[in-house]
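Close look at the chain arrangement
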Amino acid sequence: MSRIQAKFAALGASRRKALIPYITAGDPDPVLTVKLMHGLVQAGADILELGVPFSDPMADGPVVQRSSERALAKGVSLRDVLGMVREFRATDRETPVVLMGYANPIEAMGTARFIEAAKEAGADGVIVVDYPPEECAQFSEQARKAGIDPIFLLAPTSTESRIQEVVRVGSGYLYYVSLKGVTGAGNIDLDDVAAHIPRIRAATGLPIGVGFGIRDAESARRVARSADAVVIGSRIIQEIEAAGPEQAVARVQALLRPIRAALDA
């Protein structure tokens, strides 16, 4: 059982929902990333999604795009991100870490080498936004053999055949994108999310996480009625952007704690 699978099993046994925050590695400064990761766990995070900065993040809105730009301006590469995971893992052996990014840096490193390096660093899952599941059977198999869960996205427009393909190659959890657009693009339609989740759940026993558009405790609580996990990214990065390096950890913890409380209420 992978760390992600074990985490969801433990949460399910206690009838709790997973809180999954996203930050971009290297934003606002590389020296703060591991501190932010630990701070998020202390504030109630169950799984961490760590973004790999990329110059053309097509699924991301302006907030996450700016975070990538800031990290890239500091020279942060995929190898640096793996080093951050390794540093985090030195003192936290339990919290799953999911790398989230795009194909180009992985292809430049080589998929086999990336999977090996991610395993060595202590990563538990990987989301490659622009890897179509129909072409990912080999990558997914290699990742799972290394103990890394390949996680794929589903959207409101996903067809039944796409859902089946994602179920076939994915593991760990499924990531349901609640908006027809990029991250932070608008307000989440909570009724629409509640209507779509049962269709996905009928096809798989994997946990379902919902992200894109969740901004506060109330929206997180309502999403968690039908989902197994709540993913929050753009709202956290907004806090980091507004706070500056000195207050970043405290600000994201202040944002996350009431969301954790709402999920546990």
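Above this text you will find the structure in question.
Throughout what follows, the structure given in this document is the object of discussion. (Residues numbered from 1 in each chain as written. Predicted model: local features only at pLDDT ≥ 70, side-chain atom pairs only at ≥ 80, totals over all residues. Heavy atoms only, no water.)

1. Describing the overall build of the chain
Per the secondary structure count, the chain includes twelve helices and nine strands. Taking 18 Å as the expected radius of gyration for a compact globule of 265 residues, we find that the chain reaches 17 Å, a close match to that expectation. Along the first, second and third principal axes, the C-alpha atoms of the chain reach 45 × 40 × 35 Å. Put simply, the chain has 265 residues, and 58% of those count as buried. Of all intrachain contacts in the chain linking residues separated by at least 6 positions in sequence, the fraction that spans at least 24 positions is 72%. Total accessible area computed for the chain in this model is approximately 11,000 Å², and 50% of it derives from carbon and sulfur atoms. Averaging the positions of the 30 positive and the 32 negative side-chain charges in the chain gives two centres separated by 4 Å. (Helix = DSSP H or I, 4+ residues; strand = E, 2+ residues; numbered from the N terminus. Rg over C-alpha atoms; globule rule 2.2 N^0.38 Å. Buried < 20%, exposed > 50% of the residue type's maximum accessible area, 1.4 Å probe, protein only. Contact = heavy atoms within 4.5 Å. Areas by Shrake-Rupley, 256 points an atom, 1.4 Å probe, with all protein chains shown as cover. Lys, Arg positive; Asp, Glu negative; His and termini not counted. Charge placed at Lys NZ, Arg CZ, Asp CG, Glu CD.)

2. What about the sheet that holds strand E5 (residues 149-150)?
With respect to topology, nine strands assemble into an open sheet ordered E5-E4-E3-E2-E1-E9-E8-E7-E6, the strand pairing being parallel. The open sheet is flanked by E5 and strand E6 (153-154), the only strands paired with a single partner. One ladder, built from two bridges, connects strand E4 (residues 125-128) with E5; its direction is parallel. Its bridge partner being in E5, Gly125 is matched across the sheet by Asp149. (Pairing = 2+ DSSP bridges.)

3. Examining the pairing of strand E2 (residues 48-51)
Taken residue by residue, a regular strand's side chains alternate between the two faces of the sheet. Residues of E2 alternate between two faces, with Leu48 and Leu50 on one and Glu49 and Gly51 on the opposite face, all of them buried. Note that strand E1 (residues 18-24) and E2 share three bridges and pair parallel. Considered in E2, the bridge of Tyr22 is made with Glu49.

4. Brief notes about helix H4 (residues 78-89)
If you check H4, its first and last C-alpha atoms are 17 Å apart, about what twelve residues at 1.5 Å a residue would give, namely 16 Å. Every buried residue belonging to H4 is among Leu78, Val81, Leu82, Met84, Val85, Phe88 and Arg89, and all of these are buried. In an axial view of H4, the angular spread of the buried residues amounts to 155°, which keeps them on one side of the axis. Of the exposed residues in H4, those oriented more than 90 degrees away from the buried face are Arg79 and Glu87. (Expected span 1.5 Å × (residues − 1). Arc of directions from axis to C-beta.)

5. So, the packing of aromatic side chains
Summed over the entire model, instances satisfying the criterion amount to four aromatic pairs. Residues Tyr175 and Phe212 carry aromatic rings whose centres are separated by 6.0 Å and whose planes lie at 90° to one another, so their mutual orientation is edge-to-face. You can see Tyr175 sitting in strand E7 (residues 174-177) and its partner Phe212 sitting in the loop between strand E8 (208-211) and helix H10 (217-223), a full 37 residues away along the chain. For Tyr175, a relative accessible area of 4% puts it in the buried group. For Phe212, a relative accessible area of 8% translates into the label buried. (Phe/Tyr/Trp six-rings, centres within 6.5 Å; stacked < 30°, edge-to-face > 60°.)

6. So, unusual backbone geometry
Between Asp27 and Pro28 the backbone carries a cis peptide bond, its omega angle lying at 5°. Structurally, Pro28 can be placed in the loop between E1 and helix H2 (33-42). Within the chain, Arg15 stands out as a residue other than glycine whose phi angle is a positive 60°. Mapped onto the fold, Arg15 is located in the loop between helix H1 (3-13) and E1. What makes Arg15 exposed here is its relative accessible area of 77%. If you check the backbone angles, Phe212 has positive phi at about 75° while not being a glycine.

7. Some remarks on the pairing of E1
Taking burial as the measure, the seven residues of E1 include seven buried ones, the bulk of the element. The alternating pattern of E1 places Ala18, Ile20, Tyr22 and Thr24 on one face and Leu19, Pro21 and Ile23 on the opposite face, and all of these are buried. In terms of strand pairing, E1 meets strand E9 (residues 229-232) through four bridges, oriented parallel. Each bridged residue has a counterpart across the sheet, and for Ala18 the counterpart in E9 is Ala229. Assessed by its sense of winding, the connection that carries the chain from E1 through H2 to E2 is right-handed. (Right-handed = clockwise from strand over helix to strand, strands pointing away.)

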